Amino acid sequence: MKSAPFDYLRPKTVAEASVALGRRGANTAAIAGGQSLMPMLGLRVALIDLLVDISRLDDLKLVTETLDSLWLGALTTHAAIEDGKVPDLFNGLLRRVAGQISYRAVRNHGTIGGSVALADPSADWPCCLIALDATVRIAGRGGVRVERVADFIHDSYSTTLTTGDIIVGFDIPAPKAPLRWGFAKVARKSGAFAHSIAIATQAKDGAISVVLGAAGPRPRPMTATANQLTAPASSEEQVRAAITADFDAHFADLDAYQKRMHTANILRAVREMR
Amino acid sequence: MTAITVELNGVKVNDDVEPRQSLADFLRDRCGLTATHLGCEHGACGACTVVVDGLATRSCLTLAVMADGRAVSTLEGLRADPLMTLLRRHFHESHALQCGFCTPGMLITARDILQRYVHPNAELVRHELSGQICRCTGYANIVKAIVAAGQDIPHEPPAPEPAPEA
């Protein structure tokens, strides 16, 4: 578990970091908390020539409440969110999600930006940010762009990030009324990678949305399920049928056990919300 | 090689390190501080947990170069720490170690738990310890020791170390 050799740079600005990450002919990686990258370097599944340390860039640390949203800088740690050090516009959902990630020593350093940049299929933040319809701001060599997190993540460990890109932070729209939500996770032990993540939310007008993570390459909104739940007087059989329809549409590779597990997990999240 | 300055157990240490060297290897191999143990070297076992700028930290998941300018405390540096003294006594009295390999990480994590929670119960301690592996499976007495140490703190737990500078 020793990494192969690499060079190390600690740029002073995002622009400098972006240039360093785009160095010609080099495999580069940005490190923030390093809580996923360090094991990957140790296992040598990530091989790099240059490590760019972005962990001290103040521009990535901003946390602020705007008129209608919450801005979370990419370097916001899971522990900071868990401890309520960021404004709570989502009725405690962010704190609940943050507190379940890995272990405290990892949460002290792991960042929300790092989690989304890696786009591990069983990570919590991609699922949560998609459920809250957040956007991600990315600084690259061509300037700054903003994308919905749902569009930003393409596949397992695959995003729209290209050479020289750095996630600056996330803009999460504030709900119009106190958010009703449910969060359910299946993991072998507390802190282990999730086998299922379900987040259900209900907006002011009663419309329900459900996002399922860890069931395929990326978290997906369960639209048929959400529509069925939003319809008045849905029976559990109808909801289960809608969940199955969503599996067929988004997660066709699930086996019988996984379908039962994800179904149970979704229903748990929905029950918690109600 | 990259020059770093680390405030290690209260003493400024200057050294040149390879960028790929983990903080754990730096502590053990360069500084001779072998209380920090390496079990899995990928963040799963918790034996290498140290304190960086007041935060419990996996020293195997941190590069020595990333600790540049930070304050690092290992178990050796917490000998006189009142909370650690209390925990040491309770680990002794509850027989909270068998082979002792996981103990440094357990003690640092236990101290972190008692800094964040007043009188934690066994359930909370078990949850908070889920990132620390004891392959002797001696968890029962470790949990007992931490709960008892928590009960021995009369009022508020000691203030945590100052937060890292932005």
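Residues numbered from 1 in each chain as written. Chains lettered and ligands numbered in written order. Predicted model: local features only at pLDDT ≥ 70, side-chain atom pairs only at ≥ 80, totals over all residues. Heavy atoms only, no water.

K.L.:
Would you mind going over the pairing of strand β3 (residues 49–52) of chain B in detail, with residue names and values included?
P.N.:
Residues and elements named next belong to chain B. Every second residue of β3 is oriented toward a common face, with Thr 49 and Val 51 on one face and Val 50 and Val 52 on the other, all of them buried. For β3 and strand β4 (residues 55–58), the ladder comprises four bridges, and the chain directions are antiparallel. By the bridge assignment, Val 52 is partnered in β4 with Leu 55. In this structure, the hairpin formed by β3 and β4 is closed by a connection of two residues, where Asp 53 is found at a positive phi of approximately 45°. Two strands pair when backbone bridges link them, and β3 and strand β5 (residues 71–73) are joined in this way by two bridges, in the antiparallel orientation. Its bridge partner lying in β5, Val 51 is registered against Ser 73. (Buried < 20%, exposed > 50% of the residue type's maximum accessible area, 1.4 Å probe, protein only. Helix = DSSP H or I, 4+ residues; strand = E, 2+ residues; numbered from the N terminus. Pairing = 2+ DSSP bridges.)

K.L.:
Help me get a handle on the sheet that holds strand β1 (residues 7–9) of chain A, residues and values and all.
P.N.:
All names here are of chain A. Read across the open sheet, the three strands follow the order β1-β3-β2; overall the sheet is parallel. The strands lining the two open edges of the sheet, one partner per strand, are β1 and β2 (28–31). Neighbour-to-neighbour, the strand axes of this sheet turn through a mean angle of 25°, independent of strand direction. (Axes fitted to C-alpha atoms, helices over the stretch in contact; angles between N-to-C directions.)

K.L.:
Pulling in residues and values, what's your account of the interface of chain B and chain A?
P.N.:
Taken residue by residue, the interface counts 32 residues in chain B and 30 residues in chain A. Between chain B and chain A lies a buried interface of about 2,500 Å² when both sides are counted; carbon and sulfur atoms form 55% of it. Together, Arg 20, Leu 61 and Met 66 of chain B form the three largest contributors to the area buried by chain B at its contact with chain A, with a combined 25%. The interface formed by chain B and chain A includes three salt bridges. A salt bridge links Glu 41 of chain B to Lys 2 of chain A; the nearest nitrogen and oxygen atoms lie 2.8 Å apart. (Contact = heavy atoms within 4.5 Å. Buried area = accessible area lost by both parts, 1.4 Å probe. Salt bridge = Lys/Arg side-chain N within 4 Å of Asp/Glu carboxyl O.)

K.L.:
Outline the domain arrangement of chain B, listing residues and values.
P.N.:
When the parts come together, some accessible area is lost, and that loss is often what is quoted as the size of the interface. Residue and element names in this part refer to chain B. Here chain B is described as being made up of domain 1 (2–75) and domain 2 (80–151). Just the C-alpha atoms count here: the centres of domain 1 and domain 2 sit 22 Å apart. Listed per partner, the contact involves 16 residues of domain 1 and 13 residues of domain 2. At the junction of domain 1 and domain 2, the tally comes to zero salt bridges. (Domains from an automatic or database assignment.)

K.L.:
Please give an account of the domain arrangement of chain A that cites residues and values.
P.N.:
Residues and elements named next belong to chain A. In terms of domains, chain A is made up of domain 1 (7–51), domain 2 (60–173) and domain 3 (180–273). Computed over C-alpha atoms, the centres of domain 1 and domain 2 are 19 Å apart. Counting residues at the interface gives 10 residues for domain 1, matched by 15 residues for domain 2. In total, about 910 Å² of surface goes out of reach between domain 1 and domain 2, with carbon and sulfur atoms giving 75% of it. Three residues stand out in domain 1 for area buried against domain 2, namely Val 14, Ser 18 and Gln 35, and they jointly supply 47% of the buried area on that side. Inspection of the region where domain 1 meets domain 2 yields zero salt bridges. The interface formed by domain 1 and domain 2 contains one residue pair in polar contact (both at pLDDT 80 or more). In terms of residue count, the dominant contributor to the side of domain 1 that touches domain 2 is helix α1 (residues 14–21) (four residues). (Polar contact = N/O pair within 3.5 Å; in protein donor to acceptor, adjacent residues only side chain to side chain.)

K.L.:
Tell me about the pattern of salt bridges, residues and numbers included.
P.N.:
All chains considered together, the criterion is met by 23 salt bridges over all chains. Residue Asp 25 of chain B is joined to Lys 2 of chain A by a salt bridge in which the shortest nitrogen-to-oxygen separation is 2.7 Å. Within this pair, whereas Asp 25 of chain B is found in helix α1 (residues 23–30), its partner Lys 2 of chain A is found in the segment before β1, the two belonging to separate chains. Of the charged contacts, one joins Asp 112 of chain B and Arg 116 of chain B as a salt bridge, the two residues approaching to 3.1 Å between their closest N and O atoms. Of this pair, Asp 112 of chain B and Arg 116 of chain B are both found in helix α3 (residues 103–116), four residues apart, which corresponds to roughly one turn of the helix. Given the relative accessible area of 9%, Asp 112 of chain B is considered buried. On the basis of relative accessible area, Arg 116 of chain B is assigned to the partly exposed category, the value being 23%. What you see here is one network of salt bridges that share partners, running through Glu 82, Asp 83, Arg 104 and Arg 107 of chain A.

K.L.:
Can you lay out helix α9 (residues 223–230) of chain A for me, pointing to particular residues and giving the numbers?
P.N.:
All names here are of chain A. Taken together, the buried positions of α9 are occupied by Thr 225, Ala 226 and Leu 229. All buried residues of α9 fall inside an arc of 95° around its axis, so they share one side. Close packing links the buried residues of α9 with β13 (208–213), α10 (236–250) and α11 (256–273). (Arc of directions from axis to C-beta.)

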